[in-house]
Amino acid sequence: ITTFLSLSVSALQVGTLFKFQGMLTLKRKYQNEKYTIGHLYIGDTKLCDVLEPPVGVPHPCINSGTYEIKYQYSKMYGCNMPFLQDVKGRSGIMIHTGNIPSETKGCLLVGRNKVVGALIESRKTFDSLNDIIRSLMILTGKVTITIKDK
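This is a predicted model, so every value here is computed, not measured.

Draft legend 1. Structural context of the pairing of strand β7 (residues 108-115). Across three bridges, strand β3 (residues 45-52) lies against β7 in antiparallel orientation. Pairing of Leu51 across the sheet is with Leu109, part of β7. Here strand β6 (residues 95-96) runs beside β7; their pairing, made up of two bridges, is parallel. Paired with Ile95 across the two strands is Leu108, which belongs to β7. Here β7 runs beside strand β8 (residues 118-120); their pairing, made up of two bridges, is antiparallel. Paired with Val115 across the bridge in β8 is Ala118. With antiparallel pairing between neighbouring strands as the criterion, β7 and β8 make up a hairpin whose turn holds two residues, including Gly117 at a positive phi of roughly 75°.

Draft legend 2. Representation of helix α2 (residues 122-140). The end-to-end C-alpha distance of α2, which contains 19 residues, comes to 26 Å, matching closely the 27 Å that a straight helix rising 1.5 Å per residue would cover. Within α2 the residues assigned to the buried category are Ser122, Thr125, Phe126, Leu129, Asn130, Ile132, Ile133, Ser135 and Leu136. Positive phi shows up at Gly141, right after α2, with a value of about 90°.

Parameters at a glance
Per chain, residue numbering runs from 1 following the sequence as it is written. Note on the predicted model: pLDDT of at least 70 is required for a residue's local features to be given, and 80 or more for side-chain atom pairs to be given and counted; whole-chain, interface and lining totals, by contrast, use all residues. With hydrogens and water stripped out, all remaining heavy atoms of the structure feed into the side-chain values. One bridge is not enough; two strands pair if DSSP finds at least two bridges between them. Every helix listed is a DSSP run of H or I at least four residues long, and every strand listed is a run of E at least two residues long, numbered separately from the N terminus. Expected span, for any helix, means 1.5 Å times one less than how many residues it has. Any residue under 20% of the maximum accessible area for its type is buried, any over 50% is exposed, and the rest in between are partly exposed; the area is computed with a 1.4 Å probe on protein chains only.

As structure tokens, then:
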């Protein structure tokens, strides 16, 4: 399946980016006691898959809602990373690489869900998504993510 991430950022049409005004949507599709899987979209176009922790664990998936994404310095990664802002009762919720549920403490891991309960190609996916988020910020001034439960 060809996804939006397979396109280079330079190939994106500026009008398309403005149409969505920097809005990403995470639609959660499956959740059990070990993990949560969802799909990340811009408009109707799927960007990638997202792996989160389940509910009922010390660092569960965050509540559904709309959050602004801003770049902040991450000690873990040693660079500026995309963080979700104003998550009720939480801090440090980041979009980053990872392949299995134990690699997140409430953050959003991105990649391709081709293995049950895990992601592949996380680094490649994150790099492409990070370029898209940065481009959206430059073109629209603000990027948000709306998280929707199934």
